[in-house]
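As a plain string of letters, each chain reads:
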Amino acid sequence: MSDLHDDKILILDFGSQYTQLIARRVREAGVYCEIFPWDVEFERIREFGARGFILSGGPESTLAADKPEVPLELFALGQPILGICYGMQAMAQQLGGKVENVGKSEFGYARVRARGHTALLRDIHDEVNEEGHGLLDVWMSHGDRVAELPAGFKLMASTESAPIAGIADEERKIYGLQFHPEVTHTTQGVAIYQRFLHDICGCGSAWNSANIVEATISEVRARVGDGHVILGLSGGVDSSVVAALLHEAIGDQLCCIFVDNGLLRHREGDFVMEQFAEHMGVNVIRIDAEDRFLEKLKGLSDPEDKRKAIGNLFIEIFEEEARKHHDADWLAQGTIYPDVIESAGASTGKAHLIKSHHNVGGLPLDMRLKLVEPLRELFKDEVRRVGVALGLPHDMVYRHPFPGPGLGVRILGEVKKEYADTLRLADDIFITELRAHDLYERVSQAFVVFLPVKSVGVTGDGRRYNFVVALRAVETIDFMTARWADLPYDFLDHVSRRIMNEIEGIARVVYDISGKPPGTIEWE
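Here we summarise the structure given alongside this text.

Time to look at the nonpolar core. Among the nonpolar cores identified, the biggest contains 50 residues, and Phe430, Leu434, Leu471, Leu487 and Ile499 are the most heavily contacted of them. For this core, the element with the most residues is helix α13 (residues 417-436), which contributes eight residues. Leave out the neighbours within four places in its chain, and Leu471 touches Phe430, Phe447, Val448, Leu492, Val495, Ile499, Val509, Val510, Tyr511 and Asp512.

Below, the discussion takes up the pairing of strand β14 (residues 254-260). Among the seven residues that make up β14, seven are buried, leaving the element largely enclosed by the rest of the structure. Of the two faces of β14, the one holding Leu254, Cys256, Phe258 and Asp260 and the one holding Cys255, Ile257 and Val259 are both buried throughout. One ladder, built from four bridges, connects strand β13 (residues 228-232) with β14; its direction is parallel. Residue pairing for β14: Leu231 is matched across the bridge by Cys256. Handedness of the crossover joining β13 and β14 through helix α6 (residues 237-250) is recorded here as right-handed. In this structure, β14 lies alongside strand β15 (residues 284-288), joined through five bridges in parallel fashion. Paired with Asp260 across the two strands is Asp288, which belongs to β15.

Another point: the sheet that holds strand β12 (residues 174-177). Taken in spatial order, the 10 strands line up as β2-β1-β3-β4-β12-β11-β10-β6-β8-β7 in an open sheet, and their pairing is mixed. Only two strands of the sheet have a single neighbouring strand rather than two, namely β2 (32-37) and β7 (127-128). Alignment of β7 against strand β8 (residues 134-142), held across two bridges, turns out to be antiparallel. Bridge pairing links Glu127 to Leu135 in β8. Each of β3 (52-55), β4 (81-84), β8, β11 (166-169) and β12 touches helix α3 (residues 86-94); the most contacted strand, β4, lies at about 115 degrees to it. Packed onto the sheet, helix α4 (residues 189-200) meets β1 (8-13), β3, β4 and β12 and runs at close to 160 degrees relative to β4.

This paragraph deals with the packing of α6 against helix α11 (residues 380-389). Packed helix pairs are characterised by how far apart their axes lie and by the angle those axes make with each other. Between α6 and α11, whose axes approach to 10 Å, the crossing angle comes to 45 degrees. As summarised for this structure, α6 and α11 are arranged oblique, according to the angle between their axes. For the crossing formed where α6 meets α11, the hand is left-handed. Where α6 approaches α11, its residues Val237, Asp238, Val241 and Leu245 are matched on the opposing element by Lys380, Val383, Arg384, Val386 and Gly387.

What counts and what doesn't
- Residues numbered from 1 in each chain as written.
- Predicted model: local features only at pLDDT ≥ 70, side-chain atom pairs only at ≥ 80, totals over all residues.
- Heavy atoms only, no water.
- Core = buried A, V, L, I, M, F, W, Y, C linked by side-chain atoms within 4.5 Å.
- Buried < 20%, exposed > 50% of the residue type's maximum accessible area, 1.4 Å probe, protein only.
- Helix = DSSP H or I, 4+ residues; strand = E, 2+ residues; numbered from the N terminus.
- Contact = heavy atoms within 4.5 Å.
- Pairing = 2+ DSSP bridges.
- Right-handed = clockwise from strand over helix to strand, strands pointing away.
- Axes fitted to C-alpha atoms, helices over the stretch in contact; angles between N-to-C directions.
- Parallel < 35°, antiparallel > 145°, perpendicular 65-115°, else oblique.
- Left-handed = near helix turned anticlockwise from the far one by under 90°.

Dropping the structure here:
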């Protein structure tokens with residue numbers, strides 16, 4: 001379907017923590033979009049062919065000497081523009097307005113008064129005051145503010161702290177908002193984006209799961225032809241959806257290689273084989289490599305060393321198996337759009353390494369196989385919806401995230417088989433009980449961590465000296481920030497007693513109440 005990308009929006013990223021959230025809001029409205037860094041070559045912007053542009057927020061100040069700037073050529077393209085927070089300030093300053101810092105920042109909830117009747121905000125409000133002005137409940141996050149409007153702009157919205165909280169040049173269809181419509185705290189944010197995308201930019205709503213599946217299958221068939229594809233199937237959401245997509249597109253031309261590294265969830269290997277090989281008829285080869293991985297991990301306790309050891313051995317084993325398939329022409333990967341964004345940022349020196357990734361990069365330079373990445377344009381939530389559209393079980397597609405190195409980074413310090421076997425059982429009890437008590441969907445991620453410390457316990461009349469595990473459950477929207485889940489005490493008590501009574505070797509269970517920040521979601 002060629003029209004999937006006909007109506008598209010380009011987001012210029014000025015470093016905001018919310019940029020990917022902007023993109024997800026645009027796509028939720030049925031419009032395809034991509035994210036480019038603010039200083040990308042302008043020819044790439046022109047060639048993209050967007051129907052409109054969104055300028056993200058960012059941590060910098062427009063008053064700084066080396067501030068990021070909007071390419072001035074953008075305003076000459078004649079397409080609608082929406083500047084958000086820093087994007088609005090940069091746009092206003094570069095078009096002749098004035099930005100100031102009065103030493104008073106505004107972070108959090110605010111109530112905005114919509115002063116001017118503009119195409120962007122007309123009839124969008126949470127309440128209406130006695131003067132007939134629309135009132136919006138929004139989320140602010142800024143230090144600087146626009147002090148003078150550029151020529152041709154009118155005031156669109158204001159607050160006490162930011163008298164100019166929204167600006168509009170209706171003739172050129174250029175708009176600016178000081179608040180963030182992409183976050184859920186801005187209650188009319190979805191309506192604002194839909195107004196900009198559909199009414200002002202004239203975009204349709206073709207970007208949806210059914211169309212994505214149909215278009216991707218057609219593209220894969222056209223590209224692969226009668227070639228053969230091999231895929232490293234991990235059992236995670238991304239590789240599972242890739243397997244389902246490719247099986248639908250090319251059937252027996254797909255061969256999946258499932259490397260069981262001994263660091264998976266309880267019965268994960270059997271589950272993968274049942275779902276794909278038995279139920280769906282996918283050609284899956286299972287490689288039992290537990291001993292090799294445990295041997296490679298001996299003596300390693302640093303988290304990044306463990307990640308690299310697991311990732312490198314996976315590639316080594318996968319390559320060994322792939323060499324047996326001389327008819328293979330293509331290598332499929334579960335790369336998704338956030339991987340692509342982060343990889344691009346790393347290549348320009350604009351991203352910091354938090355953890356090593358396994359999908360983007362790391363491939364052998366002499367690899368003869370061509371690469372096929374059917375999910376490369378999709379965010380995780382889109383991948384899940386595509387999986388459901390392909391008929392994968394809801395429980396599989398909407399499972400909580402599981403790290404690429406598996407239990408290898410949920411066992412603190414050195415990884416041993418005894419630890420992995422114990423952790424697997426404890427984790428299974430926690431997840432099973434979350435589902436049984438209708439709490440699984442309420443939390444964004446939950447798991448158990450194995451601590452390599454021992455604690456005194458009592459069994460009957462006897463004393464025991466066994467290991468400690470920590471339960472971890474968080475609630476988050478974007479995984480960039482998270483709060484620990486306030487699970488009922490009775491539930492935690494029940495899970496704790498089950499783990500200690502049913503699993504030999506565990507003497508104590510603790511609950512992690514760290515948020516992100518300052519902590520991270522995973523312990524390693």
